[in-house]
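# Examining the three-dimensional arrangement
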Amino acid sequence: MIYEKCQVLESRRFLLRLVEDQDCDDLLKVYSDKNALPFFNSDNCDGDNFYYPTKERMAQALGFWKMSYENGWFARLSIVDRTIKCVIGTVELCLRASSDEFNNMGILRADVRSDYEKEDILYDIIMLVLPHIPEMLGCEGILTKVPIYAVERMKAAQKAGFTKSEHFLEGKTGYAYDGYWTIK
């Protein structure tokens, strides 16, 4: 399970590992990128839209992500582009407990800088983590958010085997979120 020991995932181009304090400057470039912001999935996140325009705010988010991992709420992994030795985004993984169609499914969130919001890059990141999610989270199905305008993300999700769900994700407050894609 991911909360006992979070494995490091590697491909030729990318490395995924738990976020670290030294990722702050690189992640500030991601989470202060207004062109990337519309692609971040902030559904059910208590009003956080993941826009962190200062180093202090980014450091606070890193602290919260680390505490969340320690408490078994979710795991946030940094995506390191090995070709430039730089963190270009994060992947969040968690297990959903709910009364809707998505109960006991793993949630995959991928946030990348806007210059990385490309089909081939997103596909490589998804395929690096996807085979490990059932073992990491103890789930049989996985869901990810793909907004209707996220054309590159949609192509990457389809190529990875995800299909658009007809169901809405029910939030903690009863709000229904659309745009989820699933794979079993």
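Below is a summary of the structure that appears in this document. Predicted model only: the values in this text are computed from it and were never measured.

### Side note on the sheet that holds strand 7 (residues 163-164)
Read across the open sheet, the eight strands follow the order 1-2-3-4-5-6-10-7; overall the sheet is mixed. Each having just a single partner strand, strand 1 (9-10) and strand 7 make up the two edges of the open sheet. Relative to strand 4 (residues 86-95), strand 3 (residues 75-81) is paired through seven bridges, and the arrangement is antiparallel. Note on strand 4: the bridge partner recorded for Ile-79 is Gly-89. Contacting strand 3, strand 4 and strand 5 (106-112), helix 1 (residues 24-31) crosses the sheet at an angle of about 80° to strand 4. In the packing of helix 5 (residues 151-160) onto the sheet, the strands contacted are strand 5, strand 6 (142-145) and strand 10 (180-183), and the crossing angle to strand 10 comes to about 20°.

### Things to note about the side chain of Asp-26
Tracing the backbone shows Asp-26 in helix 1. It turns out Asp-26 is buried and unbridged, and the closest side chain with the opposite charge, Lys-29, is 4.3 Å from it. Within the local environment of Asp-26, its side chain forms a polar contact with the backbone nitrogen of Val-87, the two atoms lying 3.0 Å apart.

### Some words on the packing of aromatic side chains
Geometrically, a pair of aromatic rings is defined through the distance of the ring centres and the angle of the planes. On inspection of all chains with the given rule, the structure shows 12 aromatic pairs. Taking 5.6 Å as the distance between ring centres and 45° as the angle between the ring planes, the aromatic pair formed by Tyr-3 and Tyr-69 counts as tilted. One end of the pair, Tyr-3, is in the segment before strand 1; the other, Tyr-69, is in helix 2 (residues 55-70), and 66 residues separate them in sequence. Under the relative-accessibility criterion, Tyr-3 is labelled partly exposed at 27%. Judged by its relative accessible area of 14%, Tyr-69 falls in the buried class. Seen in terms of ring centroids, Tyr-31 and Trp-65 are 5.5 Å apart; in terms of plane orientation they differ by 65°. Their pairing is edge-to-face.

Definitions and cut-offs
- Residues numbered from 1 in each chain as written.
- Predicted model: local features only at pLDDT ≥ 70, side-chain atom pairs only at ≥ 80, totals over all residues.
- Heavy atoms only, no water.
- Pairing = 2+ DSSP bridges.
- Helix = DSSP H or I, 4+ residues; strand = E, 2+ residues; numbered from the N terminus.
- Contact = heavy atoms within 4.5 Å.
- Axes fitted to C-alpha atoms, helices over the stretch in contact; angles between N-to-C directions.
- Buried < 20%, exposed > 50% of the residue type's maximum accessible area, 1.4 Å probe, protein only.
- Lys, Arg positive; Asp, Glu negative; His and termini not counted.
- Salt bridge = Lys/Arg side-chain N within 4 Å of Asp/Glu carboxyl O.
- Polar contact = N/O pair within 3.5 Å; in protein donor to acceptor, adjacent residues only side chain to side chain.
- Phe/Tyr/Trp six-rings, centres within 6.5 Å; stacked < 30°, edge-to-face > 60°.

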